[in-house]
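# Examination of the molecular architecture
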Amino acid sequence: MKTFSFSRPKRLFNSVFTKILAIGLITWLCILIAALSIFIITRHTSESPFLKNLGAYAQYIINDLGTPPDLDQAEEISQKTGLHITYISKEQRWSTRRPFPEIEELRYRSFHGDTTLQFRRRAGHHIIKYQSDHGLFFFESMDEYEEREQNAVYLLILLTLLSLILFFSYLTIRRVLAPLRWVYTAVHKVKDGDFSHQVPVRGNDELTDLAGGFNEMTSQLKTMLENKENLLRDVSHELRTPLTRIRVALEFLEDSTAKKDISEDVQAIEKMIENILQTSRTTHRANKLERQEVNLAEITKTVADRYTDSLPRVICKLPKEPCLLLADPLMLQSLLTNCIDNGLKFSETTADPVNITLNKEGDKAIISIIDYGCGIEENELPFIFEPFYRVDQSRSRQTGGFGLGLPICKTIVEAHDGTISIESKKDQGTTVIITLPCVD
Ligand code: ADP
């Protein structure tokens, strides 16, 4: 088996921290590239061949304005072209725009090497500055709408790109942290007693080590538990012979209080040993079920009929139609007997009868065993399926249990792919609910 060591020095690029940091940096880089691309595309558009021909265009307009340039002519051209024209020279200054615009000299980009033609954009308007032989011309677009629309398109592209980048980052982080989710699921499985569940071990970082370490831990726990059960079974088995000898030897002693006490203790130990061996046999059989098609309604009736003389009574409510399961009939009988025995053991003889109801819901058989006995405290409920757990030690001694009944029930139900749960209210009663899969 591969051994996982947490102290092994990690290569930097295998660290989860490095991976998350790298994802952050790559995301940031992608955002930067996207933003830069949009910026460059925008700039590129503004320097398209059309704009490069602006010089000639401006020159044509200037020619049309005549020498010196005429404002009336400028007004006419302005109407036709949608451009405001402003002229500044030593002799005169006029503009088709009212009031006369404030002329900013700064931040113009030049398109001609000799800087005759310069261009800028301000508040959604294109402004062309043209230095002719006799004066300075400014041509300014009246309409800012088109650029706004274009900006909206670029903004939309940028947002889409950002969303995509963030989405892919999310997927990558999810992938890197997936072992954490697997371990989380596995912890819950182990908590419910499934020690055979293994976490997938992929990659080569701390989380992979965690998954591997977790698998190793559950395998060792499984082996430890199996060893413990085997030891318990073997010791119990071995104790039977000396106990029989003690019982025989006791028969030869004279009657006394001591003999009576020892005899009672020997009986209790024998009962406990029988219980442990019975549990071991049931668990063994539950792992190798002898399944056949059985009618759960029939099995329930057979078991309930054994309690005709019990106090309190046992009442059965079964469906008329058969409830077919692929199950081991002996195991199902053992399951029902354990639950009904508990219902009777923990109820006063004068209590209401123990009720057994069987219902078929879809492809599931639901069987409830309801008693009106002493009930169980809410804080005890999570532990009652644990082996040797008894709620009230003194009362359990009276009732003769060793806390092995419910763990056996759980083993049997789970071997049949079903579920078992208990609802209980102190001093009111207890309901055991068993769900088993039916055959159609
Ligand atoms: P036991 O052999 O001691 O009955 P179980 O595993 O069947 O062992 O039950 C464990 C403990 O759960 C019991 O000791 C008892 O305290 C409690 N318990 C189980 N069933 C009932 C019930 N129907 N009513 C009240 N307490 C119950």
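For the structure itself, consult the block above.
Note that this is a predicted model, so its numbers are computed, not measured.

Conventions and cut-offs
Residues numbered from 1 in each chain as written. Predicted model: local features only at pLDDT ≥ 70, side-chain atom pairs only at ≥ 80, totals over all residues. Heavy atoms only, no water. Helix = DSSP H or I, 4+ residues; strand = E, 2+ residues; numbered from the N terminus. Areas by Shrake-Rupley, 256 points an atom, 1.4 Å probe, with all protein chains shown as cover. Core = buried A, V, L, I, M, F, W, Y, C linked by side-chain atoms within 4.5 Å. Buried < 20%, exposed > 50% of the residue type's maximum accessible area, 1.4 Å probe, protein only. Contact = heavy atoms within 4.5 Å. Patch = residues over 30% accessible without salt bridge, like charges linked within 9 Å, V, L, I, M, F, W, Y side chains within 5 Å. Salt bridge = Lys/Arg side-chain N within 4 Å of Asp/Glu carboxyl O. Phe/Tyr/Trp six-rings, centres within 6.5 Å; stacked < 30°, edge-to-face > 60°. Near = heavy atom within 4 Å. Polar contact = N/O pair within 3.5 Å; in protein donor to acceptor, adjacent residues only side chain to side chain. Nonpolar A, V, L, I, M, F, W, Y, C, P; charged D, E, K, R; others polar.

### Points about the overall build of the protein chain
Along the backbone of the protein chain there are 12 helices and 13 strands. Accessible surface, the protein chain: about 27600 Å² in total, of which carbon and sulfur atoms supply 57%.

### Things to note about the nonpolar core
Counting 41 residues, the largest nonpolar core has Leu325, Leu332, Ile369 and Ile434 as its most contacted members. Mapped onto this core, the elements with two or more residues apiece are helix H9 (296–305), strand S9 (324–327), helix H10 (329–345), strand S10 (354–361), strand S11 (364–371), helix H12 (405–415), strand S12 (419–425) and strand S13 (429–437). When residues in this core are grouped by element, the largest group, 7 residues, is from H10. If we ignore the near neighbours within four places in the chain, the residues touching Leu325 are Gln292, Glu293, Val294, Leu296, Leu332, Ala365, Leu436, Pro437, Cys438 and Val439. Grouped together as the second largest cluster of nonpolar side chains are 17 residues, Leu65, Ala74, Ile128 and Phe137 included.

### As for a nonpolar patch on the surface
A contiguous nonpolar patch, built from Val153, Ile157, Leu161, Leu164, Phe167, Phe168, Tyr170 and Leu171 and spanning about 720 Å² of accessible area, is present on the exposed surface. Mapping Leu161 onto the fold places it in helix H5 (residues 145–176).

### Things to note about the packing of aromatic side chains
Any two aromatic rings considered together are summarised by their centre-to-centre distance and by the angle between their planes. For the structure shown, the criterion picks out 5 aromatic pairs. Between Phe383 and Tyr389, the aromatic rings sit 5.6 Å apart at their centres with planes inclined by 35°, giving tilted as the arrangement. The exposure class assigned to Phe383 is partly exposed, which follows from its relative accessible area of 35%. The exposure class assigned to Tyr389 is partly exposed, which follows from its relative accessible area of 26%.

### Remarks on the site of the ligand
Asn342, Lys345, Asp371, Gly403 and Leu406 are the nearest of the 21 residues found near the ligand. Within the backbone of Phe402, a nitrogen or oxygen atom sits 3.4 Å from an oxygen atom of the ligand. Computed on the free molecule, the ligand has an accessible area of 530 Å², of which 97% lies beneath the protein chains in the complex. Of all the secondary structure elements, the ones that give two or more residues to the shell around the ligand are H10 and H12. Tallied by class, the residues present in the shell around the ligand amount to 10 nonpolar, 8 polar and 3 charged.

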